[in-house]
Amino acid sequence: MTMVVLLFWTVALQAQNDMEEVGLGMEELSIPGYRLVYGNVGYHMEDFLLLPNSRKLLLLSSAGQAVFMLLDEQHLPLDTLEFASAPANIQFWMDSDSTFSYNSIFFYKSKHCAIDYKSGVAEFFIGPNTLNFKRCYPIDRRHSVHRTFAQVRNFKVSTFTLPAKKRKRNGTIGVEVNGSAIIRHELPQADSLYAEALLPFAELNGALYVYDALSQTLHRCQGVEHTYRSVHLNADLHSDTVSAHSYRLLPDEQAGRLYLLESHRVGGERRRRGRLQAAVQQRLYSLDTSGMVWQLVELPLPHPASQMRIGNGGVYVIFERPMGNGRSERLLYEARMTL
């Protein structure tokens, strides 16, 4: 039987590395079609990875701190590992089934890392039931508002934005893989967020896939080989609508399938924290490789999914749920249906 816990952490409990269960009404946390897996109101849930033996690795954050938490097959916490680092522009990836790397734009000097106010990578590994620090080292690279670095298991990827030059109206967005540009597009008012949202990538079974939403092509890189094919999606993007769309590629390593999560900001704006925000519609697609077309998956998404992972047909989602007074919380759920 799957167990669910929702945790409150106090400063005193953190120092002792203990956790206290708090009983809450499950009705207010329930979402039709989903099971609650984990929530922690003391931290902001950033991301997670699906591990062998039904375990999960969570990345949580608070001011100046990144917290990794290992969950067992019953979704109960086994161990935590903390890093003093900036919560913005963070990435982490699995180098092997037991070794992981965490990249932050800024590390702060702590007992684990001597890096102070510089970007770097922290490495750690998973023991039988523990998270164990390995090493921490700085990255000698230039950070720019025009470039976003990311890393998957076998590739170094960056999306880039080149601003418009004099006497030229359009800027350029694109993707580099292992130092070579494979995609370039000219856009009016090019923005780094467009590059990340319209050119998503993911690694699947040793190959890197990059979806170009502007030209509706799917790029595949394996070793030095780079190929691409057209893949149809019922969403025509024009220069005046690109800012309303964003995409994420989602690999299912076990099933060997590729999925696409589309987010579309639509009318019906609502006020939140004194600002007007558009409502978000999200759809999940699976890739039909025989016809090279994205096929709609009938998966309900009643709340904005800030992150989604798929493993062996199982769908796990971090939903951002409103709490009132302009606040929201992020909890991890599992879809009751399998793909």
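Residues numbered from 1 in each chain as written. Predicted model: local features only at pLDDT ≥ 70, side-chain atom pairs only at ≥ 80, totals over all residues. Heavy atoms only, no water.

Chemist: Where do I start with the overall build of the protein in this structure?
Modeler: Scanning the protein for helices and strands turns up 2 helices and 26 strands. In the protein, buried positions account for 46% of the 339 residues. Counting only contacts in the protein whose residues sit at least 6 apart along the sequence, the fraction spanning at least 24 positions is 43%. Carbon and sulfur atoms provide 47% of the accessible area of the protein, an area that totals close to 17600 Å². (Helix = DSSP H or I, 4+ residues; strand = E, 2+ residues; numbered from the N terminus. Buried < 20%, exposed > 50% of the residue type's maximum accessible area, 1.4 Å probe, protein only. Contact = heavy atoms within 4.5 Å. Areas by Shrake-Rupley, 256 points an atom, 1.4 Å probe, with all protein chains shown as cover.)

Chemist: Looking at this model, I keep getting lost on the pairing of strand β13 (residues 156–162). Mind explaining?
Modeler: The two faces of a sheet get side chains in turn, since along a regular strand they alternate between them. The buried fraction of β13 amounts to 5 of the 7 residues, a majority that puts the element mostly inside the structure. Bridge count for β13 against strand β14 (residues 170–177) is 6 bridges, and the pairing is antiparallel. Of the residues in β14, the one forming a bridge with Val157 is Val177. (Pairing = 2+ DSSP bridges.)

Chemist: Any chance you could explain the sheet that holds strand β4 (residues 44–50) here in plain terms?
Modeler: The strands that make up a sheet pair up through hydrogen bonds in the backbone, lying either parallel or antiparallel. Here 4 strands make up an open sheet; going across it, the order is β4-β5-β6-β7 and the pairing antiparallel. The open sheet has two free edges, formed respectively by β4 and β7 (77–83), since each of these has just one partner strand. Averaged over neighbouring strand pairs, the angle between their axes works out to 20 degrees when direction is ignored. (Axes fitted to C-alpha atoms, helices over the stretch in contact; angles between N-to-C directions.)

Chemist: In this structure, what is going on with the sheet that holds strand β17 (residues 207–212)? I would like to understand it.
Modeler: Spatially, the 4 strands line up as an open sheet ordered β16-β17-β18-β19, and their pairing is antiparallel. Only two strands of the sheet have a single partner each, and these edge strands are β16 (201–204) and β19 (225–230). When the angles between neighbouring strand axes are averaged without regard to direction, this sheet yields 20 degrees. One ladder, built from 6 bridges, connects strand β18 (residues 217–222) with β19; its direction is antiparallel. Among the inter-strand pairings, Leu218 is bridged to a residue of β19, identified as Arg229.

Chemist: Please clarify how the confidence of the model for the protein should be interpreted in this entry.
Modeler: For any part of a model where pLDDT is low, the fine detail of the predicted coordinates should not be relied upon. Put simply, the protein has an average pLDDT of 82, and 82% of its residues get 70 or more. Long-range and interchain partners of residues 6–25, a stretch whose pLDDT sits below 50, account for 36 contacts in this model, where long-range means more than four residues apart. When the criterion is pLDDT under 50, residues 268–276 qualifies, and its contacts beyond four places in sequence or with other chains add up to 14 contacts. (pLDDT = per-residue confidence, 0-100.)

Chemist: Would you mind going over the pairing of strand β10 (residues 118–126) with me for this structure?
Modeler: The element β10 is largely enclosed, with a buried count of 7 among its 9 residues. Bridge analysis of strand β9 (residues 99–107) against β10 gives 7 bridges, and the strand direction is antiparallel. When the bridges of β10 are listed, Asn103 appears paired with Val121. In this structure, β10 lies alongside strand β11 (residues 131–138), joined through 7 bridges in antiparallel fashion. Bridge assignment links Ala122 to a residue of β11, and that residue is Cys136. In this antiparallel pair of consecutive strands, β10 and β11, the connection spans 4 residues.

Chemist: What is the right way to look at the pattern of salt bridges in this model?
Modeler: Here the idea is simple: oppositely charged side chains can pair when their charged atoms come close. Under the counting rule described, the total for this entry stands at 5 salt bridges. The salt bridge partner of Arg35 is Glu334, with a shortest N-O separation of 3.8 Å. Note that Arg35 is positioned in strand β3 (residues 34–40) and Glu334 in strand β26 (residues 327–338), a separation of 299 residues in sequence. You can call Glu334 buried: its relative accessible area is 17%. Note that Arg330 is salt-bridged to Glu320, the shortest N-O span being 3.8 Å. Taken as a pair, Arg330 in strand β26 and Glu320 in strand β25 (residues 314–324) lie far apart in primary sequence, 10 residues in all. (Salt bridge = Lys/Arg side-chain N within 4 Å of Asp/Glu carboxyl O.)

Chemist: Can you walk me through the state of the cysteines in this structure?
Modeler: Formally, a disulfide is one covalent bond, and it connects the sulfur atom of one cysteine to the sulfur atom of another. Applying the stated rule across the entire model yields 1 disulfide. Disulfide partner of Cys113: Cys136, at an S-S distance of 2.1 Å. Its torsion about the S-S bond being 105 degrees, the disulfide of Cys113 and Cys136 is classed as right-handed. Of this pair, Cys113 sits in the loop between β9 and β10 while Cys136 sits in strand β11; the two residues are 23 residues apart in sequence, bridging distant segments of the chain. Accessibility expressed as a relative area gives 21% for Cys136, which makes it partly exposed. (Disulfide = S-S within 2.5 Å.)

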